[in-house]
Each structure stands twice: as structure tokens, then as C-alpha cells.
Amino acid sequence: ARVVAAHNAPVVVMHNRDKPDGTLDIMRDITAFFERSLKIAAQAGIPASRIILDPGIGFGKDTRHNLLLLEALDELVGLGQAILVGVSRKSLIGELTGRPVDRRLAGSLAAALASVARGARIVRVHDVAETCDALKVWQAIDQAGG
């Protein structure tokens, strides 16, 4: 945190667990982790405007946790930071679709759109042009009514 503050660098804080724990309330765990991290950042002098939160899809989380996390993503938006979601081509997509890594575009697009709909401001993707097109169409539909 001191190095980030000293160099005025932006920082992505990612939630991670060693291994999945099916008994864990994943949203409570992630929220507590981010609240602690934000306090550390503030104490180090990192402006909130340079902090991005990544809930860490797939990092020590099972399929159920990943789905619960994506569904409740808007809860993390309440922390006031930009939210980054990296779900493109992840094993979660493969588990849900049965597709190998190189055939997970449709699932990745669906996950990206669902994430943005729930408040993600940044999506990490492999298929940039396709994701941009999907987001443009989704945003046009979403904003059509005014």
C-alpha cells in the first residue's frame, strides 16, 4: 500500500481464498475483505478514486459461490469503488455450458453483460471486439426508453 501511495498508482484489490469453503457466506467474506483493504489503503494515503475492487471470480470459490457473487454484485457497488469482473472463458463458464476454453464466447458474453447490468464498471475479457459489440447493443436497448 505504501508503494502504491508513493507512486500515485491505481490499484486493483482482488479477493482470493486458498480453496473453496462451501459453508462460507461468500458475500460477507468478500465485503469484510474489501472493507479491511479499503481501510489499509486509506491509512496509506491511497485516494479512493484510484482503487478498483475485483471479487476474484474463480479464485478459491466454487461454482455456487461464483454464481451467488455475480448475482449479488450490486452489493459490492455500495462500497463506492469501481468493480472489475474477470469471468471471460473461466472454468465457471465451462462448467455451466460444457464447452472447452476456446468455445466459451457466448457464455463469457452473457456473464459480462450480467456483470455490467449489476454494476461492474470494468470487465476483463479475451474477446474484446465481440464484448464491445455486445455491450453496445445491450446499452442501446437499456437506454432506449430514456
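Reference entry: report on the structure contained in this document. Everything quoted here is computed from the prediction, not taken from an experiment. (Residues numbered from 1 in each chain as written. Predicted model: local features only at pLDDT ≥ 70, side-chain atom pairs only at ≥ 80, totals over all residues. Heavy atoms only, no water.)

## Quick look at the side chain of Lys90
Alright, step 1. Here Lys90 is to be found in the loop between β3 (82-85) and α5 (91-97).
Alright, step 2. Engagement of the side chain of Lys90 in a polar contact is seen with the backbone oxygen of Gly86, the distance being 3.0 Å.
Alright, step 3. If we ignore the near neighbours within four places in the chain, the residues touching Lys90 are Ile57, Phe59, Arg104 and Arg124. (Helix = DSSP H or I, 4+ residues; strand = E, 2+ residues; numbered from the N terminus. Polar contact = N/O pair within 3.5 Å; in protein donor to acceptor, adjacent residues only side chain to side chain. Contact = heavy atoms within 4.5 Å.)

## Comments concerning empty space enclosed by the protein
Alright, step 1. The tally for this structure, following the rule as stated, stands at 1 cavity of 30 Å³ or more.
Alright, step 2. Approximately 30 Å³ is the volume found for the largest cavity.
Alright, step 3. Lining the largest cavity are Ser88, Leu105, Ser108, Leu109, Ala112, Val125, Asp127 and Thr131.
Alright, step 4. At 4 residues, helix α6 (residues 105-117) tops the list of elements feeding residues into the lining of the largest cavity.
Alright, step 5. Of the residues that constitute the lining of the largest cavity, the class distribution is 4 nonpolar, 3 polar and 1 charged. (1 Å grid on protein atoms, 1.4 Å probe; cavity = no way out; pocket = protein on both sides within 12 Å on 5 of 7 lines; lining within 4 Å. Points joined across faces, edges and corners; volume = space filled by probe spheres on them. Nonpolar A, V, L, I, M, F, W, Y, C, P; charged D, E, K, R; others polar.)

## Comments concerning the environment of Glu130
Alright, step 1. Along the polypeptide, Glu130 turns up in helix α7 (residues 128-143).
Alright, step 2. Judged by its relative accessible area of 36%, Glu130 falls in the partly exposed class.
Alright, step 3. Counting along the chain gives 71 residues from Glu130 to Phe59, while the straight-line C-alpha distance between them is 25 Å. (Buried < 20%, exposed > 50% of the residue type's maximum accessible area, 1.4 Å probe, protein only.)

## What about the sheet that holds strand β2 (residues 51-54)?
Alright, step 1. Pairing is parallel in the open sheet, where 4 strands are placed in the order β1-β2-β3-β4. Among the strands making up the open sheet, the edge pair consists of β1 (11-14) and β4 (122-123).
Alright, step 2. Two strands pair when backbone bridges link them, and β3 and β4 are joined in this way by 2 bridges, in the parallel orientation. Following the sheet pairing, Leu84 is matched in β4 by Ile122.
Alright, step 3. Relative to β2, helix α2 (residues 26-44) is tilted by about 160°, and along the sheet it contacts β1 and β2. (Pairing = 2+ DSSP bridges. Axes fitted to C-alpha atoms, helices over the stretch in contact; angles between N-to-C directions.)

## Focus: the side chain of His15
Alright, step 1. With respect to the helices and strands, the residue His15 is situated in the loop between β1 and α2.
Alright, step 2. Reaching out from His15, the side chain makes a polar contact with the side chain of Asp29 at a distance of 2.7 Å.
Alright, step 3. For His15, the contacting residues outside a window of four places in its chain are Ile26, Asp29, Ile30, Phe33, Phe34, Asp54, Pro55, Gly56, Phe59 and Lys61.

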